[in-house]
Amino acid sequence: MMQAPKLIAGNWKMNGLAADLAEVSLLVDSLSKAAVNCRVALCPPSTLIARMAETADGSIVEIGGQDCSAEAKGAFTGDTSAAMLADAGATLVIVGHSERRQGHGEDDATVAAKAEAASKAGLAPIVCVGETLQQRETGQAVEVVRRQVMQSLPLALSGQSFAVAYEPVWAIGTGLTPTLAQIEEVHRAVRRAMIERLGLGVAVVPILYGGSVKPDNAAEILAVPEVGGALVGGASLKAADFLAIIRAA
Ligand code: PEP
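A quick note: this is a predicted structure, and the numbers were derived from the prediction, not measured.

Asker: An account of the overall build of the protein chain is needed here, citing residue identities and associated values.
Answerer: When helices and strands are counted, the protein chain shows ten helices and eight strands. Relative to a compact globule of 249 residues, whose C-alpha radius of gyration would be 18 Å, the protein chain shows 17 Å and is just as compact. Looking at the protein chain residue by residue over its 249 residues, the buried ones come to 49%. Considering only intrachain contacts with a sequence separation of at least 6, the fraction spanning at least 24 residues in the protein chain is 73%. Working note: accessible area of the protein chain is about 11100 Å², and carbon and sulfur atoms make up 53% of it. Of the side-chain charges in the protein chain, 20 are positive and 26 negative, and the distance between the mean point of each set is 3 Å.

Here it is as structure tokens:
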């Protein structure tokens with residue numbers, strides 16, 4: 001089967017002011033000088049989406065949101081709909097990041113509703129799943145992630161563009177990573193669960209790994225079977241680091 005190009009997506013989280021768009025200009029400039037083998041995306045805070053989309057215009061860099069509302073519009077103060085993100089220039093959106101699941105009480109049903117709303121608005125959701133340290137240490141990682149995939153992917157994603165990101169909660173921002181064998185084991189379980197839920201059409205949907213991906217571990221992680229890209233937090237903020245990860249794909 002033809003391998004889809006890997007997707008390297010950066011999650012800026014709650015970081016970035018207008019001045020930081022200089023890093024995006026640097027990235028765009030470097031990417032224009034040599035071909036790369038993968039897709040590249042950046043997910044800035046929503047305040048920067050429109051300006052980052054302008055900065056990246058004409059380049060291969062796709063722009064994404066970090067979250068969206070499950071609702072289309074209305075009295076939801078502080079929320080941003082998927083259509084608003086698309087209107088600002090996004091083509092992707094992260095949903096179900098563990099910082100949303102844990103810090104904002106989002107459960108699988110909420111994540112599924114957000115993924116469905118994103119897809120309806122023409123955005124490709126990147127649906128995040130991942131076990132906690134306690135779940136990893138008690139041997140529940142595969143079971144937990146499998147359950148999250150089954151319950152966080154709405155049936156409406158069948159035939160639509162999307163990705164899943166496996167992000168062990170204990171690996172995010174900690175410098176810790178699972179072994180390559182553990183990454184492969186979970187990615188294979190994610191693929192099986194996706195197919196069970198949505199059918200064989202999802203056999204080429206990318207499954208990203210996320211959690212302390214850095215220039216020095218990107219190549220070995222990206223070479224693991226079933227790893228279809230990376231979701232990168234801290235190392236996506238500086239063009240030089242992010243570029244090194246992109247070049248490892
Ligand atoms: C993330 O925020 O999705 C992430 C993986 O962060 P970091 O790369 O900093 O661990």
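Having seen it, we continue.
Asker: Go over the site of the ligand, please, and point to the residues and values.
Answerer: Among the 14 residues in the neighbourhood of the ligand, the closest are listed as Lys13, Glu167, Gly173, Ser212 and Gly233. One nitrogen or oxygen atom from the side chain of His97 is found 2.9 Å from an oxygen atom belonging to the ligand. Calculation on the ligand without its partners gives an accessible area of 290 Å², and the protein chains cover 97% of this total. Each residue belonging to the shell around the ligand can be placed in one class, and the counts come to four nonpolar, eight polar and two charged.

Asker: For the nonpolar core, give the residues involved together with the corresponding values.
Answerer: With 62 residues, the main nonpolar core has Ile8, Leu27, Val61, Leu153, Phe162, Met194 and Ile246 as its most contacted residues. Ignoring any residue separated from it by four or fewer positions in sequence, one finds Met194 in contact with Val149, Leu153, Phe162, Val164, Gly199, Val202, Val205 and Ile207. In this structure, Leu7, Ala41, Ile94 and Leu231 belong to the second largest nonpolar core, which totals 13 residues.

Asker: Can you break down helix H2 (residues 49-56) residue by residue, with the values?
Answerer: Residues lying three or four places apart along an α-helix face the same way, a consequence of the helix completing one turn every 3.6 residues. What H2 keeps buried is the set Ile49, Met52, Ala53 and Ala56. For H2, the arc enclosing every buried residue in end-on projection is 105°, short of the 170-degree limit, so these residues lie on one face. Those residues of H2 that are buried are in contact with helix H1 (21-33), strand S2 (39-43), strand S3 (61-65) and helix H3 (82-88).

Asker: How would you explain the environment of Glu167 if you had to name every residue and give the values?
Answerer: One can find Glu167 in the loop between strand S6 (163-166) and helix H8 (180-198). Distance from Glu167 to Leu31, taken between C-alpha atoms, is 26 Å for residues 136 residues apart in sequence. When residues no more than four places from it in sequence are discounted, the contact partners of Glu167 are His97, Cys128, Val129, Gly130, Ile172, Gly210, Gly211 and Leu231.

Rules used in this analysis
- Residues numbered from 1 in each chain as written.
- Predicted model: local features only at pLDDT ≥ 70, side-chain atom pairs only at ≥ 80, totals over all residues.
- Heavy atoms only, no water.
- Helix = DSSP H or I, 4+ residues; strand = E, 2+ residues; numbered from the N terminus.
- Rg over C-alpha atoms; globule rule 2.2 N^0.38 Å.
- Buried < 20%, exposed > 50% of the residue type's maximum accessible area, 1.4 Å probe, protein only.
- Contact = heavy atoms within 4.5 Å.
- Areas by Shrake-Rupley, 256 points an atom, 1.4 Å probe, with all protein chains shown as cover.
- Lys, Arg positive; Asp, Glu negative; His and termini not counted.
- Charge placed at Lys NZ, Arg CZ, Asp CG, Glu CD.
- Near = heavy atom within 4 Å.
- Polar contact = N/O pair within 3.5 Å; in protein donor to acceptor, adjacent residues only side chain to side chain.
- Nonpolar A, V, L, I, M, F, W, Y, C, P; charged D, E, K, R; others polar.
- Core = buried A, V, L, I, M, F, W, Y, C linked by side-chain atoms within 4.5 Å.
- Arc of directions from axis to C-beta.

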